Amino acid sequence: MAEGLVEKQGLGKSVGGRKPDLYGLRNNSLFVLSIDMNRFSTRMAIMDNNNNQITPIRSYSYTLPEDLTGLDTFCGWVQDLIETSGIDKQKLVGIGLSMPGLVASKEGDSRTYLRTDVLDESLQEVLSRKLGKPVFIQNDVKSAALAELRFGQAKGRQDVLVISIDWGVGTGVIMDGNLRGGAAGFAGEFGHIPLVENGILCHCGKRGCLETLASGIAMVRAAREGIKSGQKSLLSKLSAEELEQLEPKQIIQAAQQGDQFAINLLSETGVNLGKGIAILIQLFNPELVILGGNMAEAGQLITTPIQQSINTYCMAQLRESTNIALSALGPQANMMGATATVLENILEKQLEQAR
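Residues numbered from 1 in each chain as written. Predicted model: local features only at pLDDT ≥ 70, side-chain atom pairs only at ≥ 80, totals over all residues. Heavy atoms only, no water.

Caption draft 1: Structural detail: the overall build of the chain. Across its full length, the chain holds ten helices and 14 strands. Expected size for 355 residues packed as a compact globule is a radius of gyration near 20 Å; at 22 Å, the chain falls within 12% of this value. For the chain, the spread of C-alpha atoms along the three principal axes comes to 70 × 55 × 40 Å. When burial is assessed residue by residue, the chain has 47% of its 355 residues classed as buried. Pairs at least 24 residues apart make up 60% of the contacts formed inside the chain by residues separated by at least 6 positions. Counting every atom, the chain has about 17,400 Å² of accessible surface; 49% of that belongs to carbon and sulfur. One finds the centroid of the 33 positive side-chain charges in the chain at a distance of 4 Å from the centroid of its 38 negative side-chain charges. (Helix = DSSP H or I, 4+ residues; strand = E, 2+ residues; numbered from the N terminus. Rg over C-alpha atoms; globule rule 2.2 N^0.38 Å. Buried < 20%, exposed > 50% of the residue type's maximum accessible area, 1.4 Å probe, protein only. Contact = heavy atoms within 4.5 Å. Areas by Shrake-Rupley, 256 points an atom, 1.4 Å probe, with all protein chains shown as cover. Lys, Arg positive; Asp, Glu negative; His and termini not counted. Charge placed at Lys NZ, Arg CZ, Asp CG, Glu CD.)

Structure (C-alpha coordinates):
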(Lines give C-alpha, C1' and ligand atoms only; values in the text may rest on other atoms or scores of the structure.)
Protein backbone atom coordinates (compact mmCIF):
# COMPACT_ATOMS: atom_id res chain seq x y z
CA MET A 1 0.00 0.00 0.00
CA ALA A 2 2.90 2.36 0.74
CA GLU A 3 4.21 1.79 -2.79
CA GLY A 4 0.81 2.64 -4.26
CA LEU A 5 0.17 -0.83 -5.73
CA VAL A 6 -2.54 -2.13 -3.40
CA GLU A 7 -5.75 -0.44 -2.27
CA LYS A 8 -8.72 -1.30 -0.11
CA GLN A 9 -11.63 -2.40 -2.28
CA GLY A 10 -14.52 -2.77 0.12
CA LEU A 11 -15.79 -5.39 2.54
CA GLY A 12 -16.25 -9.11 2.07
CA LYS A 13 -19.14 -11.29 3.19
CA SER A 14 -19.29 -12.28 6.81
CA VAL A 15 -19.99 -15.83 7.99
CA GLY A 16 -20.12 -14.63 11.58
CA GLY A 17 -18.38 -11.65 13.13
CA ARG A 18 -17.17 -8.47 11.46
CA LYS A 19 -16.86 -8.35 7.68
CA PRO A 20 -13.30 -8.75 6.34
CA ASP A 21 -11.56 -5.93 4.48
CA LEU A 22 -10.86 -6.69 0.81
CA TYR A 23 -7.71 -5.49 -0.91
CA GLY A 24 -6.60 -5.61 -4.53
CA LEU A 25 -4.17 -4.16 -7.03
CA ARG A 26 -4.82 -0.62 -8.20
CA ASN A 27 -5.47 0.01 -11.87
CA ASN A 28 -2.24 0.40 -13.88
CA SER A 29 -0.12 -1.26 -11.19
CA LEU A 30 1.19 -3.83 -13.67
CA PHE A 31 0.92 -4.26 -17.43
CA VAL A 32 0.75 -7.26 -19.76
CA LEU A 33 1.10 -7.28 -23.53
CA SER A 34 -1.63 -9.66 -24.64
CA ILE A 35 -1.52 -11.34 -28.06
CA ASP A 36 -4.30 -13.29 -29.75
CA MET A 37 -3.11 -15.31 -32.75
CA ASN A 38 -5.35 -17.24 -35.09
CA ARG A 39 -4.42 -19.05 -38.26
CA PHE A 40 -4.56 -15.99 -40.52
CA SER A 41 -4.27 -12.89 -38.35
CA THR A 42 -2.81 -11.58 -35.10
CA ARG A 43 -4.19 -9.01 -32.65
CA MET A 44 -2.38 -7.43 -29.72
CA ALA A 45 -2.87 -4.78 -27.05
CA ILE A 46 -1.49 -3.81 -23.66
CA MET A 47 -3.75 -4.54 -20.68
CA ASP A 48 -3.35 -3.67 -17.01
CA ASN A 49 -3.66 -6.02 -14.03
CA ASN A 50 -7.42 -5.40 -13.80
CA ASN A 51 -8.04 -6.21 -17.48
CA ASN A 52 -8.39 -2.58 -18.51
CA GLN A 53 -7.30 -2.08 -22.11
CA ILE A 54 -4.46 0.47 -22.16
CA THR A 55 -3.76 0.67 -25.90
CA PRO A 56 -6.03 0.21 -28.92
CA ILE A 57 -5.95 -3.30 -30.39
CA ARG A 58 -3.58 -3.60 -33.32
CA SER A 59 -4.36 -6.17 -36.00
CA TYR A 60 -1.93 -7.71 -38.47
CA SER A 61 -2.26 -10.13 -41.35
CA TYR A 62 -0.02 -13.08 -40.46
CA THR A 63 -0.64 -16.63 -41.64
CA LEU A 64 0.77 -18.88 -38.93
CA PRO A 65 3.62 -20.98 -40.38
CA GLU A 66 4.82 -24.32 -39.10
CA ASP A 67 8.36 -22.96 -38.69
CA LEU A 68 9.65 -19.58 -37.48
CA THR A 69 9.05 -17.81 -40.80
CA GLY A 70 8.20 -14.17 -40.17
CA LEU A 71 8.98 -14.32 -36.46
CA ASP A 72 11.32 -11.31 -36.60
CA THR A 73 8.56 -9.26 -38.23
CA PHE A 74 6.15 -10.39 -35.52
CA CYS A 75 8.64 -9.40 -32.79
CA GLY A 76 9.00 -6.00 -34.50
CA TRP A 77 5.24 -5.45 -34.15
CA VAL A 78 5.44 -6.30 -30.44
CA GLN A 79 8.40 -4.01 -29.81
CA ASP A 80 6.76 -1.14 -31.69
CA LEU A 81 3.60 -1.47 -29.57
CA ILE A 82 5.68 -1.34 -26.37
CA GLU A 83 7.69 1.67 -27.55
CA THR A 84 4.66 3.70 -28.62
CA SER A 85 2.37 2.75 -25.71
CA GLY A 86 3.70 5.35 -23.28
CA ILE A 87 3.62 2.93 -20.33
CA ASP A 88 6.36 2.52 -17.74
CA LYS A 89 8.27 -0.42 -19.25
CA GLN A 90 9.40 -1.53 -15.79
CA LYS A 91 5.74 -2.28 -15.01
CA LEU A 92 5.38 -4.51 -18.08
CA VAL A 93 5.68 -7.86 -16.29
CA GLY A 94 5.25 -10.16 -19.25
CA ILE A 95 3.78 -11.08 -22.62
CA GLY A 96 0.90 -13.53 -23.01
CA LEU A 97 0.48 -15.38 -26.30
CA SER A 98 -2.73 -17.23 -27.14
CA MET A 99 -2.42 -19.43 -30.25
CA PRO A 100 -4.18 -22.36 -31.94
CA GLY A 101 -2.91 -25.92 -32.28
CA LEU A 102 -1.12 -28.22 -29.87
CA VAL A 103 0.48 -26.03 -27.21
CA ALA A 104 2.60 -27.63 -24.50
CA SER A 105 2.05 -24.77 -22.06
CA LYS A 106 4.17 -26.32 -19.29
CA GLU A 107 7.15 -26.46 -21.66
CA GLY A 108 6.29 -23.18 -23.36
CA ASP A 109 6.28 -24.77 -26.79
CA SER A 110 4.03 -25.30 -29.80
CA ARG A 111 3.80 -28.60 -31.68
CA THR A 112 1.73 -27.24 -34.57
CA TYR A 113 2.80 -23.71 -35.47
CA LEU A 114 6.03 -21.73 -34.97
CA ARG A 115 7.82 -24.95 -34.10
CA THR A 116 11.43 -24.69 -32.90
CA ASP A 117 12.45 -28.23 -33.95
CA VAL A 118 15.90 -27.15 -35.19
CA LEU A 119 16.73 -25.14 -32.06
CA ASP A 120 17.67 -26.08 -28.51
CA GLU A 121 15.15 -23.55 -27.20
CA SER A 122 11.40 -23.63 -26.76
CA LEU A 123 9.24 -21.01 -28.50
CA GLN A 124 8.75 -19.36 -25.12
CA GLU A 125 12.52 -19.10 -24.63
CA VAL A 126 13.07 -17.76 -28.16
CA LEU A 127 10.44 -15.05 -27.73
CA SER A 128 11.58 -14.13 -24.21
CA ARG A 129 15.13 -13.69 -25.50
CA LYS A 130 14.10 -11.62 -28.51
CA LEU A 131 11.62 -9.41 -26.62
CA GLY A 132 13.44 -9.03 -23.31
CA LYS A 133 10.37 -9.90 -21.23
CA PRO A 134 8.94 -13.16 -19.81
CA VAL A 135 6.62 -14.81 -22.35
CA PHE A 136 3.89 -17.32 -21.50
CA ILE A 137 2.17 -19.37 -24.21
CA GLN A 138 -1.27 -20.96 -24.02
CA ASN A 139 -3.63 -22.68 -26.44
CA ASP A 140 -6.31 -20.26 -27.67
CA VAL A 141 -9.28 -22.24 -26.38
CA LYS A 142 -7.70 -22.71 -22.96
CA SER A 143 -7.07 -18.95 -22.88
CA ALA A 144 -10.76 -18.38 -23.56
CA ALA A 145 -11.69 -20.95 -20.90
CA LEU A 146 -9.44 -19.24 -18.33
CA ALA A 147 -11.11 -15.91 -19.17
CA GLU A 148 -14.54 -17.50 -18.64
CA LEU A 149 -13.36 -19.00 -15.34
CA ARG A 150 -11.97 -15.71 -14.02
CA PHE A 151 -14.34 -13.14 -15.52
CA GLY A 152 -17.18 -14.86 -17.39
CA GLN A 153 -20.04 -17.28 -16.95
CA ALA A 154 -17.82 -20.05 -15.54
CA LYS A 155 -16.79 -17.89 -12.54
CA GLY A 156 -17.71 -19.69 -9.34
CA ARG A 157 -18.71 -22.88 -11.18
CA GLN A 158 -17.08 -26.28 -10.85
CA ASP A 159 -17.66 -28.24 -14.08
CA VAL A 160 -17.83 -26.32 -17.34
CA LEU A 161 -16.86 -26.93 -20.97
CA VAL A 162 -15.83 -23.94 -23.09
CA ILE A 163 -16.08 -24.73 -26.79
CA SER A 164 -14.52 -22.39 -29.32
CA ILE A 165 -15.93 -22.55 -32.85
CA ASP A 166 -13.74 -20.69 -35.29
CA TRP A 167 -11.68 -21.89 -38.23
CA GLY A 168 -11.18 -24.97 -36.05
CA VAL A 169 -12.95 -26.40 -33.02
CA GLY A 170 -11.47 -26.83 -29.55
CA THR A 171 -12.50 -27.32 -25.94
CA GLY A 172 -11.36 -25.88 -22.63
CA VAL A 173 -12.15 -28.25 -19.77
CA ILE A 174 -12.92 -26.84 -16.31
CA MET A 175 -13.21 -29.56 -13.66
CA ASP A 176 -13.57 -29.03 -9.91
CA GLY A 177 -13.20 -25.30 -10.51
CA ASN A 178 -9.82 -25.58 -12.24
CA LEU A 179 -8.71 -25.40 -15.87
CA ARG A 180 -7.38 -28.81 -16.91
CA GLY A 181 -4.52 -29.13 -19.38
CA GLY A 182 -3.68 -32.82 -19.17
CA ALA A 183 -0.22 -34.42 -18.93
CA ALA A 184 1.37 -32.27 -21.65
CA GLY A 185 -1.20 -29.47 -21.90
CA PHE A 186 -3.02 -30.92 -24.91
CA ALA A 187 -6.36 -31.76 -23.28
CA GLY A 188 -9.44 -30.63 -25.20
CA GLU A 189 -8.53 -31.46 -28.81
CA PHE A 190 -12.21 -31.92 -29.48
CA GLY A 191 -12.03 -31.08 -33.17
CA HIS A 192 -9.84 -34.08 -33.93
CA ILE A 193 -12.18 -36.79 -32.68
CA PRO A 194 -12.78 -39.01 -35.77
CA LEU A 195 -16.50 -39.18 -36.51
CA VAL A 196 -16.61 -40.43 -40.12
CA GLU A 197 -14.91 -43.54 -41.48
CA ASN A 198 -12.70 -42.67 -44.49
CA GLY A 199 -13.89 -39.07 -44.41
CA ILE A 200 -12.20 -35.90 -45.63
CA LEU A 201 -8.48 -35.62 -44.83
CA CYS A 202 -7.95 -33.30 -41.87
CA HIS A 203 -4.87 -31.08 -41.56
CA CYS A 204 -3.90 -33.16 -38.50
CA GLY A 205 -3.30 -36.12 -40.83
CA LYS A 206 -6.36 -38.21 -39.91
CA ARG A 207 -9.55 -38.63 -41.91
CA GLY A 208 -13.08 -37.81 -40.84
CA CYS A 209 -12.30 -35.58 -37.84
CA LEU A 210 -15.14 -33.48 -36.43
CA GLU A 211 -13.27 -30.41 -37.68
CA THR A 212 -13.73 -31.59 -41.29
CA LEU A 213 -17.51 -31.54 -40.72
CA ALA A 214 -18.17 -28.74 -38.23
CA SER A 215 -15.80 -25.77 -38.28
CA GLY A 216 -15.14 -22.56 -40.14
CA ILE A 217 -12.86 -24.47 -42.51
CA ALA A 218 -15.55 -27.06 -43.26
CA MET A 219 -18.26 -24.43 -43.75
CA VAL A 220 -16.15 -22.32 -46.10
CA ARG A 221 -15.24 -25.43 -48.13
CA ALA A 222 -18.91 -26.40 -48.43
CA ALA A 223 -19.84 -22.84 -49.41
CA ARG A 224 -17.24 -22.75 -52.20
CA GLU A 225 -18.36 -26.12 -53.52
CA GLY A 226 -22.01 -25.07 -53.46
CA ILE A 227 -21.44 -21.74 -55.23
CA LYS A 228 -19.27 -23.38 -57.90
CA SER A 229 -21.98 -25.98 -58.52
CA GLY A 230 -24.59 -23.26 -59.13
CA GLN A 231 -26.25 -22.67 -55.74
CA LYS A 232 -28.14 -19.38 -55.60
CA SER A 233 -26.97 -17.20 -52.74
CA LEU A 234 -25.86 -13.71 -51.81
CA LEU A 235 -22.41 -15.26 -51.86
CA SER A 236 -22.82 -15.97 -55.60
CA LYS A 237 -21.96 -12.32 -56.23
CA LEU A 238 -18.39 -12.90 -55.04
CA SER A 239 -15.67 -13.00 -57.68
CA ALA A 240 -13.53 -16.12 -58.07
CA GLU A 241 -10.75 -14.39 -56.10
CA GLU A 242 -13.13 -13.25 -53.35
CA LEU A 243 -14.58 -16.75 -53.11
CA GLU A 244 -11.10 -18.17 -52.50
CA GLN A 245 -10.67 -15.65 -49.67
CA LEU A 246 -14.11 -16.38 -48.17
CA GLU A 247 -14.33 -16.28 -44.36
CA PRO A 248 -16.94 -17.74 -41.98
CA LYS A 249 -18.11 -14.27 -40.92
CA GLN A 250 -19.28 -13.58 -44.50
CA ILE A 251 -21.42 -16.72 -44.43
CA ILE A 252 -22.87 -15.66 -41.06
CA GLN A 253 -23.66 -12.19 -42.41
CA ALA A 254 -25.44 -13.72 -45.42
CA ALA A 255 -27.46 -16.02 -43.14
CA GLN A 256 -28.48 -13.08 -40.96
CA GLN A 257 -29.84 -11.41 -44.10
CA GLY A 258 -32.04 -14.44 -44.74
CA ASP A 259 -29.87 -16.24 -47.30
CA GLN A 260 -31.22 -19.81 -47.25
CA PHE A 261 -28.01 -21.39 -48.57
CA ALA A 262 -25.97 -19.77 -45.79
CA ILE A 263 -28.61 -20.70 -43.19
CA ASN A 264 -28.42 -24.34 -44.32
CA LEU A 265 -24.62 -24.29 -44.04
CA LEU A 266 -24.84 -23.03 -40.45
CA SER A 267 -27.56 -25.55 -39.63
CA GLU A 268 -25.52 -28.49 -40.93
CA THR A 269 -22.48 -27.24 -39.01
CA GLY A 270 -24.58 -26.97 -35.84
CA VAL A 271 -26.00 -30.48 -36.18
CA ASN A 272 -22.54 -32.00 -36.54
CA LEU A 273 -21.23 -29.93 -33.63
CA GLY A 274 -24.16 -31.06 -31.51
CA LYS A 275 -23.24 -34.71 -32.13
CA GLY A 276 -19.73 -34.04 -30.85
CA ILE A 277 -20.92 -31.97 -27.88
CA ALA A 278 -23.30 -34.79 -26.92
CA ILE A 279 -20.26 -37.06 -26.57
CA LEU A 280 -18.52 -34.48 -24.35
CA ILE A 281 -21.60 -34.06 -22.14
CA GLN A 282 -21.76 -37.81 -21.57
CA LEU A 283 -18.02 -37.91 -20.76
CA PHE A 284 -17.82 -34.90 -18.44
CA ASN A 285 -21.39 -34.27 -17.21
CA PRO A 286 -20.85 -30.47 -17.13
CA GLU A 287 -23.27 -28.05 -15.52
CA LEU A 288 -22.65 -25.55 -18.32
CA VAL A 289 -21.36 -25.55 -21.90
CA ILE A 290 -20.19 -22.13 -23.12
CA LEU A 291 -19.98 -21.58 -26.88
CA GLY A 292 -17.48 -18.96 -28.03
CA GLY A 293 -15.38 -18.01 -31.03
CA ASN A 294 -16.32 -16.15 -34.20
CA MET A 295 -18.86 -18.76 -35.31
CA ALA A 296 -20.84 -18.26 -32.10
CA GLU A 297 -21.70 -14.77 -33.40
CA ALA A 298 -24.32 -16.52 -35.56
CA GLY A 299 -26.43 -16.83 -32.39
CA GLN A 300 -29.59 -18.91 -32.73
CA LEU A 301 -28.76 -19.77 -36.33
CA ILE A 302 -26.16 -22.17 -34.94
CA THR A 303 -27.23 -22.73 -31.32
CA THR A 304 -30.69 -24.03 -32.30
CA PRO A 305 -29.37 -26.90 -34.48
CA ILE A 306 -26.71 -27.63 -31.84
CA GLN A 307 -29.38 -27.96 -29.13
CA GLN A 308 -31.60 -30.09 -31.38
CA SER A 309 -28.68 -32.40 -32.11
CA ILE A 310 -27.81 -32.68 -28.42
CA ASN A 311 -31.45 -33.56 -27.71
CA THR A 312 -31.20 -36.35 -30.30
CA TYR A 313 -27.84 -37.85 -29.42
CA CYS A 314 -27.37 -37.26 -25.68
CA MET A 315 -28.92 -39.24 -22.82
CA ALA A 316 -31.84 -37.32 -21.36
CA GLN A 317 -30.59 -37.50 -17.76
CA LEU A 318 -27.31 -35.82 -18.71
CA ARG A 319 -28.57 -33.21 -21.15
CA GLU A 320 -31.24 -32.05 -18.70
CA SER A 321 -28.58 -31.14 -16.13
CA THR A 322 -26.50 -29.19 -18.68
CA ASN A 323 -27.18 -25.62 -19.79
CA ILE A 324 -25.91 -24.27 -23.13
CA ALA A 325 -24.92 -20.59 -23.30
CA LEU A 326 -23.14 -18.19 -25.62
CA SER A 327 -20.03 -16.48 -24.27
CA ALA A 328 -20.63 -12.93 -23.08
CA LEU A 329 -16.93 -11.99 -23.30
CA GLY A 330 -16.96 -11.52 -27.07
CA PRO A 331 -13.82 -11.38 -29.23
CA GLN A 332 -11.64 -10.23 -26.31
CA ALA A 333 -11.85 -13.57 -24.46
CA ASN A 334 -8.53 -14.91 -25.73
CA MET A 335 -6.70 -11.70 -24.87
CA MET A 336 -8.24 -11.61 -21.40
CA GLY A 337 -7.14 -15.21 -20.90
CA ALA A 338 -3.61 -14.45 -22.11
CA THR A 339 -3.39 -11.59 -19.61
CA ALA A 340 -4.61 -13.84 -16.79
CA THR A 341 -2.06 -16.52 -17.79
CA VAL A 342 0.81 -14.05 -17.42
CA LEU A 343 -0.34 -12.57 -14.11
CA GLU A 344 -1.01 -15.97 -12.54
CA ASN A 345 2.41 -17.29 -13.59
CA ILE A 346 4.22 -14.14 -12.40
CA LEU A 347 2.40 -14.06 -9.04
CA GLU A 348 2.92 -17.79 -8.51
CA LYS A 349 6.68 -17.35 -9.00
CA GLN A 350 6.67 -14.47 -6.53
CA LEU A 351 4.86 -16.62 -3.96
CA GLU A 352 7.32 -19.48 -4.46
CA GLN A 353 10.25 -17.13 -3.88
CA ALA A 354 8.59 -15.75 -0.74
CA ARG A 355 8.07 -19.19 0.82
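Caption draft 2: Spatial organisation of unusual backbone geometry. If you check the backbone angles, Leu114 has positive phi at about 50° while not being a glycine. Along the chain, the position of Leu114 falls in the loop between β8 (109-110) and α2 (123-131). A relative accessible area of 1% means that Leu114 is categorised as buried. The residue Asn285 is not glycine, and still its phi comes out positive at about 50°.

Caption draft 3: Representation of the side chain of Thr322. Here Thr322 shows up in the loop between α9 (316-319) and β14 (323-326). Assessed through its relative accessible area of 9%, Thr322 is described here as buried. Looking at Thr322, its side chain comes within polar contact range of the main-chain oxygen of Pro286, at 2.8 Å. Here Leu318 takes part through its backbone oxygen, which lies 3.1 Å from a polar atom of the side chain of Thr322. (Polar contact = N/O pair within 3.5 Å; in protein donor to acceptor, adjacent residues only side chain to side chain.)

Caption draft 4: Quick look at the layout of surface pockets. Of the volumes computed, that of the second largest pocket is approximately 590 Å³. Lining the second largest pocket are 25 residues, with Ser105, Lys106, Gln138, Thr341 and Asn345 sitting closest to its centre. Counting residues per element, the lining of the second largest pocket draws most heavily on helix α10 (residues 333-354), at seven residues. Per-class residue counts for the lining of the second largest pocket are six nonpolar, ten polar and nine charged. (1 Å grid on protein atoms, 1.4 Å probe; cavity = no way out; pocket = protein on both sides within 12 Å on 5 of 7 lines; lining within 4 Å. Points joined across faces, edges and corners; volume = space filled by probe spheres on them. Nonpolar A, V, L, I, M, F, W, Y, C, P; charged D, E, K, R; others polar.)

Caption draft 5: Structural detail: the sheet that holds strand β13 (residues 288-292). Read from one edge of the open sheet, five strands run β12-β11-β10-β13-β14, paired in mixed fashion. If you trace the sheet from one side to the other, it starts and ends with β12 (178-180) and β14, each paired once. Within this sheet the neighbouring strands show an average axis-to-axis angle of 25°, counted without direction. Of the pairings in the sheet, the one linking strand β11 (residues 169-175) to β12 comprises three bridges and is antiparallel in character. Within β12, the residue paired with Met175 across the bridge is Asn178. Strand contacts of helix α7 (residues 260-284): β10 (160-165), β11 and β13, with the helix running at about 160° to β10, the strand carrying the most contacts. Relative to β14, helix α8 (residues 300-313) is tilted by about 165°, and along the sheet it contacts β10, β13 and β14. (Pairing = 2+ DSSP bridges. Axes fitted to C-alpha atoms, helices over the stretch in contact; angles between N-to-C directions.)

Caption draft 6: Just α2, in detail. For α2, every residue scored as buried is listed here: Leu123, Val126, Leu127 and Leu131. Taken end-on, α2 shows its buried residues confined to a sector of 110°, consistent with a single buried face. Elements that come into contact with the buried residues of α2 comprise α1 (71-85), β6 (92-99), β8 and β9 (135-139). (Arc of directions from axis to C-beta.)

Caption draft 7: Quick look at the sheet that holds strand β5 (residues 58-61). Read from one edge of the open sheet, five strands run β5-β4-β3-β6-β9, paired in mixed fashion. Looking at the sheet topology across the chains shown, the edges are occupied by β5 and β9. Strand-to-strand twist of the sheet, defined as the mean angle between neighbouring strand axes without regard to direction, takes the value 20°. Alignment of β6 against β9, held across five bridges, turns out to be parallel. Pairing of Met99 across the sheet is with Asn139, part of β9. Along the sheet, α2 contacts β6 and β9; its crossing angle with β9, the most-contacted strand, is approximately 140°. Its contacts with the sheet place α10 against β3 (31-37), β4 (41-48), β6 and β9, and it is angled at close to 135° to β6.

Caption draft 8: Highlighting the environment of Leu246. Structurally, Leu246 is set in the loop between α5 (240-244) and α6 (248-256). When the C-alpha atoms of Leu246 and Val220 are compared, they prove to be 6.6 Å apart, with 26 residues separating the residues in sequence. Discounting chain neighbours no more than four positions away, the residues touching Leu246 are Trp167, Val220, Ala223, Arg224, Leu235, Leu238 and Ile251.

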